[in-house]
Amino acid sequence: MKWPEVIAIDGPAASGKSTLAKKIADRLGYLFFDTGVMYRAITWLVLARGIAPEDELQVTRLAERTLIEVRPASIPDGRACDILIEGQDVTWEIRQPEVDANVSVVSAYPGVRQALTMQQRRIGARGRVVMVGRDIGTVVLPEAEVKIYLDASVEERARRRYKEMEARGEVVDYDEILAAMRRRDEIDSTRKVAPLRPAEDAVTIDSDGKTLDQVFEEVMCILASRN
Ligand code: CDP
Ligand code: CDP
């Protein structure tokens, strides 16, 4: 079977994009690439350097100068891949609440987006890739053969994130997660450059009340129908 070469998956936080994309990539033998980790890695570096996230000029300069490396997982601790920035492994650090709270501000800057979009397009151009983010179908890879927009209610998404963090042994408060997620959705979908929205030719899937396997089967049917 000849599968589509490039598959774009967009949607809001915790809609299930990464889990779905990884499963598709494993099944097809494709590369799974989560663009969110790049925005998270830059945000982590901004905070680590003591730069104010509101300082657009400094943040943009840093994004333009910094190479983010995404490599196959070297440690079997549940990670999908290794994320390195300036040689330092920040795979888990980029999931900290401080990064969650600041990543939308950093990723709204046009210069930051331009720098990271260029790196993402280079990876997409190689083909055989499932790329995940907010603007993959609309901006990064508008020529992708299949575009999926994965959605779910904000309450359901906050519940999923809560369970995920609880399972990692973190002290979490559901209402805080819900409020932070609402804030991030709001900034991501109203920013001027590359806002979160479905591409015109995307298939929207609402995953509320659906298991991961149900969504996966639904998407595999879509892929098979594009043969
Ligand atoms: O995993 P989760 O859905 O919580 O978020 P993520 O995919 O890791 O993305 C973190 C943040 O990066 C998002 O809230 C966006 O602000 C930004 N992002 C973006 O602007 N464009 C992308 N292609 C991917 C992520
Ligand atoms: O990448 P994104 O932030 O969109 O979501 P994810 O990291 O793939 O999924 C967030 C959490 O929701 C994970 O713990 C998934 O196992 C869970 N999930 C779920 O319970 N049911 C779904 N249909 C999709 C995801």
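## A short note on the overall build of the chain
Point 1. On a plain count of helices and strands, the chain comes out with nine helices and eight strands.
Point 2. The globule rule puts the C-alpha radius of gyration for 227 residues at 17 Å, and the 17 Å found for the chain is close to it.
Point 3. Projected onto its principal axes, the C-alpha positions of the chain cover 50 × 40 × 35 Å.
Point 4. For the chain, the proportion of its 227 residues judged to be buried stands at 50%.
Point 5. Sequence-distant contacts in the chain: of pairs separated by 6 or more residues, those separated by 24 or more amount to 70%.
Point 6. On the chain, roughly 11,200 Å² of surface is accessible, and the fraction owed to carbon and sulfur atoms is 51%.
Point 7. Measuring between centres, the 33 positive side-chain charges of the chain sit 4 Å from its 38 negative side-chain charges.

## What about the packing of aromatic side chains?
Point 1. For the structure on display, the rule yields one aromatic pair.
Point 2. Here the aromatic rings of Y162 and Y174 are separated by 6.4 Å at their centres, their planes lie at 70 degrees, and the arrangement is edge-to-face. Of the two residues, Y162 is situated in helix α7 (residues 154–167) and Y174 in helix α8 (residues 174–190); the sequence distance between them amounts to 12 residues.
Point 3. For Y174, a relative accessible area of 26% gives the class partly exposed.

## Re the site of ligand 1
Point 1. R40, S107, R113, R184 and D188 are the nearest of the 19 residues found near ligand 1.
Point 2. A14 has a polar backbone atom sitting 3.5 Å from an oxygen atom of ligand 1.
Point 3. With respect to ligand 1, the side chain of T35 contributes an N or O atom lying 3.0 Å from a nitrogen atom.
Point 4. Judged by the fraction of its atoms near the pocket grid, ligand 1 is located in the largest pocket.

## Quick word on the site of ligand 2
Point 1. Neighbouring ligand 2 are 13 residues, the closest being A14, K17, S18, T19 and E164.
Point 2. Taking K17, its side chain carries an N or O atom lying 2.8 Å from an oxygen atom of ligand 2.
Point 3. A distance of 2.4 Å is found between an oxygen atom of ligand 2 and a side-chain nitrogen or oxygen belonging to T19.
Point 4. Out of a free accessible area of 540 Å², ligand 2 has 78% covered by protein chains.

## With respect to the packing of α7 against α8
Angle between the axes and distance between the axes: these two values describe a pair of packed helices.
Point 1. Interhelical geometry of α7 versus α8 gives an angle of 125 degrees and a closest axis separation of 9 Å. When the axis of α7 is compared with that of α8, the two are oblique. Crossing of α7 against α8: the hand is right-handed. Counting all contacts with α7, which are made through V154, E155, R157, A158, R159, R161, Y162 and M165, the residues of α8 involved are Y174, I177, L178, M181, R182, R184 and D185.
Point 2. Considered class by class, the residues forming the contact of α7 with α8 number eight nonpolar, no polar and seven charged.

## Some remarks on the domain arrangement of the chain
Point 1. Assigned domains of the chain: these are domain 1 (1–30 + 128–227) and domain 2 (36–126).
Point 2. Placing a centre on the C-alpha atoms of domain 1 and another on those of domain 2 gives a separation of 19 Å.
Point 3. Contact with domain 1, which involves 18 residues of that partner, is made by 19 residues of domain 2.
Point 4. Carbon and sulfur atoms make up 57% of the surface buried where domain 1 meets domain 2, a total of about 1,500 Å² over both sides.
Point 5. By the criterion of area lost to domain 2, the three top residues of domain 1 are V140, R184 and R191, representing 29% of everything that side buries.
Point 6. Residue D135 is joined to R113 by a salt bridge in which the shortest nitrogen-to-oxygen separation is 2.9 Å.
Point 7. Secondary-structure elements contributing two or more residues to the side of domain 1 that touches domain 2 are β6 (129–133), α6 (136–140) and α8.

Rules behind the numbers
- Residues numbered from 1 in each chain as written.
- Chains lettered and ligands numbered in written order.
- Predicted model: local features only at pLDDT ≥ 70, side-chain atom pairs only at ≥ 80, totals over all residues.
- Heavy atoms only, no water.
- Helix = DSSP H or I, 4+ residues; strand = E, 2+ residues; numbered from the N terminus.
- Rg over C-alpha atoms; globule rule 2.2 N^0.38 Å.
- Buried < 20%, exposed > 50% of the residue type's maximum accessible area, 1.4 Å probe, protein only.
- Contact = heavy atoms within 4.5 Å.
- Areas by Shrake-Rupley, 256 points an atom, 1.4 Å probe, with all protein chains shown as cover.
- Lys, Arg positive; Asp, Glu negative; His and termini not counted.
- Charge placed at Lys NZ, Arg CZ, Asp CG, Glu CD.
- Phe/Tyr/Trp six-rings, centres within 6.5 Å; stacked < 30°, edge-to-face > 60°.
- Near = heavy atom within 4 Å.
- Polar contact = N/O pair within 3.5 Å; in protein donor to acceptor, adjacent residues only side chain to side chain.
- 1 Å grid on protein atoms, 1.4 Å probe; cavity = no way out; pocket = protein on both sides within 12 Å on 5 of 7 lines; lining within 4 Å.
- Sits in = over half its atoms within 2 Å of the grid points.
- Axes fitted to C-alpha atoms, helices over the stretch in contact; angles between N-to-C directions.
- Parallel < 35°, antiparallel > 145°, perpendicular 65-115°, else oblique.
- Left-handed = near helix turned anticlockwise from the far one by under 90°.
- Nonpolar A, V, L, I, M, F, W, Y, C, P; charged D, E, K, R; others polar.
- Domains from an automatic or database assignment.
- Buried area = accessible area lost by both parts, 1.4 Å probe.
- Salt bridge = Lys/Arg side-chain N within 4 Å of Asp/Glu carboxyl O.

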